[in-house]
Amino acid sequence: MNRAFTIFGGTGDLTFRKLMPAWYNITTANAAESDFRIVIIGRRDYSTEQYCELVREWIKQFARLPYDEAAFDRFCQRITYFKMDFSDLVEYERLAQFYSKENITEHIFYFAVAPAFFAVIANGLKAVDNAGSGKVILEKPFGENLEAAKKLNIQLEEFFPIENIYRIDHYLGKEMVRNIQTIRFTNPIFANLWNSQYIESVQISAFEDLGVGSRGNYYDTSGALKDMVQNHLFQILSIVAMEWPEHFSTQAMHDAQLRVLKSLRRVKDIRDSLILGQYKGYRQEKNIAPDSATETYAALRLFIDNERWWNTPFYIRTGKKLKCREMQIAIVFRQTFIAAPRNILIIKIQPNEGVHLQFNVKKPGETDEITQAKMDFVQSSSFVNKINTPEAYERLITACVRGERSWFSQWDQIETSWEFVEHLKNLYRWDKLPVFAYEQGTDGPVEAENLLKRFGHAWGF
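Keep in mind that what you see is a predicted model, and the values were worked out from it rather than measured. (Residues numbered from 1 in each chain as written. Predicted model: local features only at pLDDT ≥ 70, side-chain atom pairs only at ≥ 80, totals over all residues. Heavy atoms only, no water.)

**Q** Explain the environment of Met-375 to me, and be specific about the residues and the numbers.
**A** By secondary structure assignment, the location of Met-375 is in strand E14 (residues 370-378). Apart from the residues lying within four places of it in its own chain, the contact partners of Met-375 are Val-355, His-356, Leu-357 and Phe-359. (Helix = DSSP H or I, 4+ residues; strand = E, 2+ residues; numbered from the N terminus. Contact = heavy atoms within 4.5 Å.)

**Q** Explain the nonpolar core to me, and be specific about the residues and the numbers.
**A** Counting residues in hydrophobic clusters, the biggest one holds 107 residues, and the most contacted among them are Met-20, Phe-75, Ile-236 and Ile-329. It is helix H10 (residues 224-241) that provides the largest number of residues to this core, a total of eleven residues. Not counting chain neighbours up to four residues away, the residues in contact with Ile-236 comprise Tyr-171, Val-177, Ile-180, Ile-204, Met-327, Ile-329 and Ile-349. Of all hydrophobic cores here, the second largest spans 35 residues; its members include Val-39, Ala-96, Phe-111 and Phe-142. (Core = buried A, V, L, I, M, F, W, Y, C linked by side-chain atoms within 4.5 Å. Buried < 20%, exposed > 50% of the residue type's maximum accessible area, 1.4 Å probe, protein only.)

**Q** I'd like to hear about the sheet that holds strand E1 (residues 3-8), residue by residue, with values.
**A** An order of E3-E2-E1-E4-E5-E6 is seen for the six strands of this open sheet, with the pairing classed as parallel. In this open sheet, the two strands that pair with only one neighbour each are strand E3 (79-83) and strand E6 (165-168). Each strand of the sheet is rotated relative to its neighbour by a mean of 20 degrees, with strand direction disregarded. One ladder, built from four bridges, connects strand E5 (residues 135-139) with E6; its direction is parallel. When the bridges of E6 are listed, Val-136 appears paired with Ile-165. Lying on the sheet, helix H6 (residues 146-157) is in contact with strand E4 (106-111), E5 and E6; it crosses E6 at an angle near 145 degrees. (Pairing = 2+ DSSP bridges. Axes fitted to C-alpha atoms, helices over the stretch in contact; angles between N-to-C directions.)

**Q** Provide a residue-level description of the pattern of salt bridges, including the pertinent values.
**A** Taken as a whole, this structure holds 23 salt bridges when the rule is applied. In this structure, Asp-85 and Arg-43 form a salt bridge, with 3.3 Å as the shortest nitrogen-oxygen distance. Of this pair, Asp-85 sits in the loop between E3 and helix H4 (91-101) while Arg-43 sits in the loop between strand E2 (36-42) and helix H2 (48-62); the two residues are 42 residues apart in sequence, bridging distant segments of the chain. By relative accessible area, Asp-85 is classed as partly exposed at 28%. The partly exposed category is assigned to Arg-43, whose relative accessible area is 45%. In this structure, Glu-369 engages Lys-363 in a salt bridge whose closest nitrogen and oxygen atoms are separated by 4.0 Å. For Glu-369, a relative accessible area of 43% translates into the label partly exposed. Overlapping salt bridges, with partners in common, bring together Glu-53, Arg-56 and Glu-69 in one network. (Salt bridge = Lys/Arg side-chain N within 4 Å of Asp/Glu carboxyl O.)

**Q** For helix H11 (residues 250-262), give the residues involved together with the corresponding values.
**A** An α-helix turns once per 3.6 residues; consequently, residues spaced three or four apart project the same way. Compared with the 18 Å implied by 1.5 Å per residue over 13 residues, the 18 Å span of H11 between its first and last C-alpha is a close match. Those residues of H11 not exposed but buried are Ala-252, Met-253, His-254, Ala-256, Gln-257, Leu-258, Val-260 and Leu-261. The secondary structure elements touched by the buried residues of H11 are helix H7 (175-185), H10 and helix H14 (411-430). (Expected span 1.5 Å × (residues − 1).)

**Q** Give me the lowdown on the sheet that holds strand E7 (residues 199-207), citing residues and values where you can.
**A** If you walk across this open sheet you meet the nine strands as E14-E13-E12-E11-E7-E10-E9-E8-E15, and the pairing is mixed. Looking at strand neighbours, the two that pair on one side only are E14 and strand E15 (436-438), the edges of this open sheet. Across the sheet, the mean angle separating the axes of adjacent strands is 15 degrees when strand polarity is ignored. Both strand E12 (residues 344-350) and strand E13 (residues 354-362) contribute to a ladder of five bridges, which runs antiparallel. Looking at E13, one finds that Lys-348 is bridged to Gly-354. Where H7 meets the sheet, it contacts strand E11 (326-333), E12 and E13, and its direction lies at approximately 150 degrees from that of E12. In the packing of helix H15 (residues 446-453) onto the sheet, the strands contacted are E7, strand E8 (274-279), strand E9 (297-302), strand E10 (314-319) and E15, and the crossing angle to E9 comes to about 10 degrees.

**Q** Can you lay out the packing of H10 against H11 for me, pointing to particular residues and giving the numbers?
**A** Following both chains from N to C, one finds H10 and H11 inclined at 110 degrees, their axes separated by 8 Å at the closest point. Here H10 is positioned roughly perpendicular relative to H11, judged by the angle of their axes. Contacts between H10 and H11 involve Phe-234, Gln-235, Leu-237, Ser-238, Ile-239 and Ala-241 on the former and, on the latter, Gln-257, Val-260 and Leu-261. Along the lines of polarity and charge, the residues of the contact of H10 with H11 split into six nonpolar, three polar and no charged. (Parallel < 35°, antiparallel > 145°, perpendicular 65-115°, else oblique. Nonpolar A, V, L, I, M, F, W, Y, C, P; charged D, E, K, R; others polar.)

**Q** Please set out the side chain of Glu-200 residue by residue, giving values where relevant.
**A** Along the chain, Glu-200 turns up in strand E7. For Glu-200, a relative accessible area of 12% corresponds to the buried category. Side-chain polar atoms of Glu-200 contact the side chain of Arg-342, separated by 2.8 Å. Residue contacts for Glu-200: discarding those within four places in its chain leaves Thr-312, Pro-313, Val-332, Phe-333, Arg-334, Arg-342 and His-457. (Polar contact = N/O pair within 3.5 Å; in protein donor to acceptor, adjacent residues only side chain to side chain.)

**Q** Now, about the packing of helix H1 (residues 13-28) against H2: what can you tell me, with residues and values included?
**A** Interhelical geometry of H1 versus H2 gives an angle of 75 degrees and a closest axis separation of 9 Å. Our classification of the angle between H1 and H2 gives roughly perpendicular. Residues Asp-13, Thr-15, Phe-16, Arg-17, Met-20, Pro-21 and Tyr-24 of H1 pack against Tyr-51, Leu-54, Val-55, Trp-58, Ile-59 and Phe-62 of H2. Classifying every residue of the contact of H1 with H2 by side-chain character gives ten nonpolar, one polar and two charged.

**Q** Describe in detail the pairing of E7, supporting the description with residues and values.
**A** Of all the nine residues making up E7, nine are buried; the element is thus mostly covered by neighbouring parts of the structure. Pairing between E7 and E11: eight bridges, direction antiparallel. In the strand pairing of E11, Phe-207 is matched with Glu-326. As paired strands, E7 and E10 are joined by six bridges and run parallel to one another. When the bridges of E10 are listed, Phe-207 appears paired with Gly-319.

Here it is in structure tokens:
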């Protein structure tokens, strides 16, 4: 095997929970991508055998495919643990010698580290033959702010070809996110109604029931807007709202999504557009400043200034320590008359995957009363579907190996999203608006409910 998939940050939580289970699944399924060596870069003093023993328990817990001893042994034969301090440029000479000795000439590098180290690693890899012609996968965040993100992008593009830089957003690898286009474009009952004439509002909700955990250092300098909205949720918004591409190529999809992001209406009255909240007890979490004003919740009311979506609000909300772990998109259709409940199409992304449709029927009996019928397609309830559906990281790693860029974030999309979110944050700060406290295990601050009520709307779930 002269191809290597090298993970910088190989002893981190992301690698253990997501990347190694993904590679185990790829190996066990005997996929074509299985001919990659997996090189783990870490500072800890492990042998390859010791590292594999650590990985074993994570595979048992998080891999999509059942743990099998023989399959795990085959998987471990592809792993090499390479101890080095990736912040020390001198160490890359040793790494270059290792690649040369093992006859490894083709590379994919995964930066599973903080963005502050991206440029450091790229600089160090100059010592490695053929590294500059390899591919690199960047884990978010893609910078600590817009200025830092621009500088980082320039540094990376000086070493790696633009087409070889893959900015991973694992939400784009989720089955139901990828299903949005099929649901919308291949069903006339939705495709012909997917506009402001028939749709009253679009709502994207991403609830988390956990707090910041061990990510306090990162999260307290980021917050919900940058952690979730600026990347994951704006990407999903662009997929929901995009025009029908002329053809489903990488470039056509990218262009259609970018047009949506560039059409987001510039916010003038921040009070009608953004609510920020913080769960009670956040300031007592590990590595959180005792006077922190970082938001753990955000609710937004946005508009897309184009013909299709003119004056249709897009509501986005996300937060930590809420009542459940759930992510979904609700398409709320307009009423035919005031007594008729609204039709709602719900695309469920996690933890349950599926499609839910609420529509109106006459209540049985001698009455003209209207009642709602509900139809559910629950994809994730099928064991066969679960086993046969690749996990997000598994799917995106495979896409990178194959050179498929459709489901990766591009720099101009990221830059446009950064600019919009930073403008929102600045307006909120300039108006000296509060970060509202909310109880753990709830829907978030009541002010987010009131934001919709002021305009005659309500959250779809």
